[in-house]
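Next come the chains, spelled out residue by residue.
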Amino acid sequence: IALAFVLVLLVVLSLLPQNRAVIPDSTIDLQNAKVVLYPQQDQDAVWRFSSPTVEYNPDSRDTTLFNVQDGERVENGETDFTLESPQVTISNDDNLRGDKIIVKLLEEETTLDMQSKGDRQVFINQSTGQFEIPYVQMSGELRGIRENMYIDFDLRRTKSGGAGTVGYSEFDLAERNKNQD
């Protein structure tokens, strides 16, 4: 009888609703946020962004900004380029990545419409001061289309191409050279 009672009690307990602790969402969501980034690897630079929606993931320490229209990088008090993107992620090592990032290089008067290709995203590397771009359309003083491009923030060093890639470039540096005389 005691064994039957224990079995019935266990069955009844197993059928009762479970009161489990509610685990909160692992991301922190912010609305209409202003984000300032002081990269460890580029201490002369300050990045500023405004975003209607920002998600911070404490587990990965990544911050994702949505619909960025007015990002900018300021170095030694001067804005060297602006940035806009439907979605850009700042990784825990201060690098940026996204599927589509548009950067306007102000001194060079060049716009880089940088896009992912396949599973490779656009990568903005703080430690090397480079854009790592699977596919880019350039307009302004520097025009063209390139694949698999690595380009310094100031356009001084570039590398692109490789097996199976295509690209062309046009340079219009005459006006820039006149301004430097």
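Conventions and cut-offs
Residues numbered from 1 in each chain as written. Predicted model: local features only at pLDDT ≥ 70, side-chain atom pairs only at ≥ 80, totals over all residues. Heavy atoms only, no water. Helix = DSSP H or I, 4+ residues; strand = E, 2+ residues; numbered from the N terminus. Buried < 20%, exposed > 50% of the residue type's maximum accessible area, 1.4 Å probe, protein only. Contact = heavy atoms within 4.5 Å. Areas by Shrake-Rupley, 256 points an atom, 1.4 Å probe, with all protein chains shown as cover. Core = buried A, V, L, I, M, F, W, Y, C linked by side-chain atoms within 4.5 Å. Salt bridge = Lys/Arg side-chain N within 4 Å of Asp/Glu carboxyl O. pLDDT = per-residue confidence, 0-100. Polar contact = N/O pair within 3.5 Å; in protein donor to acceptor, adjacent residues only side chain to side chain. Phe/Tyr/Trp six-rings, centres within 6.5 Å; stacked < 30°, edge-to-face > 60°.

Here's the deal with the overall build of the chain
Across its full length, the chain holds two helices and 12 strands. Counting from the amino terminus, the chain carries its helices and strands in the arrangement α-β-β-β-β-β-β-β-β-β-β-β-β-α. Within the chain, buried positions represent 35% of all 181 residues. In the chain, once contacts between residues fewer than 6 apart in sequence are set aside, the share between residues at least 24 apart is 39%. For the chain, the computed accessible surface area is about 11400 Å², with 51% contributed by carbon and sulfur atoms.

As for the nonpolar core
Ranked by size, the top nonpolar core spans 30 residues in total, and within it W47, F49, L83, L96, M114 and F131 carry the most contacts. Once you skip the residues sitting within four places of it in the chain, L83 turns out to touch W47, F49, V68, Q69, D70, G71, E72, L96, I101, I102, V103 and I124.

Points about unusual backbone geometry
The phi dihedral of N32 falls on the positive side, at around 50°, and the residue is not glycine. Mapped onto the elements, N32 comes out in strand β1 (residues 28-37). Of note, D94 is a non-glycine position whose phi angle comes to about 75°, a positive value. Classification of D94 by relative accessible area gives buried; the value is 12%.

Here we look at the pattern of salt bridges
For the coordinates displayed, the defined rule picks out seven salt bridges. Of the charged contacts, one joins D62 and R97 as a salt bridge, the two residues approaching to 3.1 Å between their closest N and O atoms. Of this pair, D62 sits in strand β3 (residues 62-75) while R97 sits in strand β5 (residues 96-98), and the two are 35 residues apart along the sequence. The partly exposed category is assigned to R97, whose relative accessible area is 27%. Within the structure, one salt-bridge network assembled from shared partners comprises D42, R73, E75 and D80.

Some words on the confidence of the model for the chain
Taken as a whole, the chain shows an average pLDDT of 84; of its residues, 75% reach a score of 70 or greater. Mean pLDDT per element in the chain: helix α2 (residues 174-180) is the minimum at 51, and β5 is the maximum at 98.

Observations concerning the side chain of S51
As for its position among the elements, S51 is in strand β2 (residues 45-57). Polar side-chain contacts of S51 include one of 2.7 Å to the backbone oxygen of F66. Among residues more than four places away in sequence, those in contact with S51 are N32, A33, L65, F66 and V68.

Notes on the environment of G71
Summarising the element assignment, G71 is placed in strand β3. For the pair G71 and E84, spaced 13 residues apart in sequence, the C-alpha to C-alpha distance is 6.0 Å.

Considerations on the packing of aromatic side chains
Inspection of every chain in the model, using the stated rule, returns five aromatic pairs. Taking the centre distance of 6.0 Å and the plane angle of 15° together, the rings of W47 and F49 count as stacked. A residue is classified by how much of its surface remains accessible, and F49, at 2% relative accessible area, is buried. Following the ring pairs from residue to residue traces out a cluster consisting of W47, F49, F81, F131 and F153.

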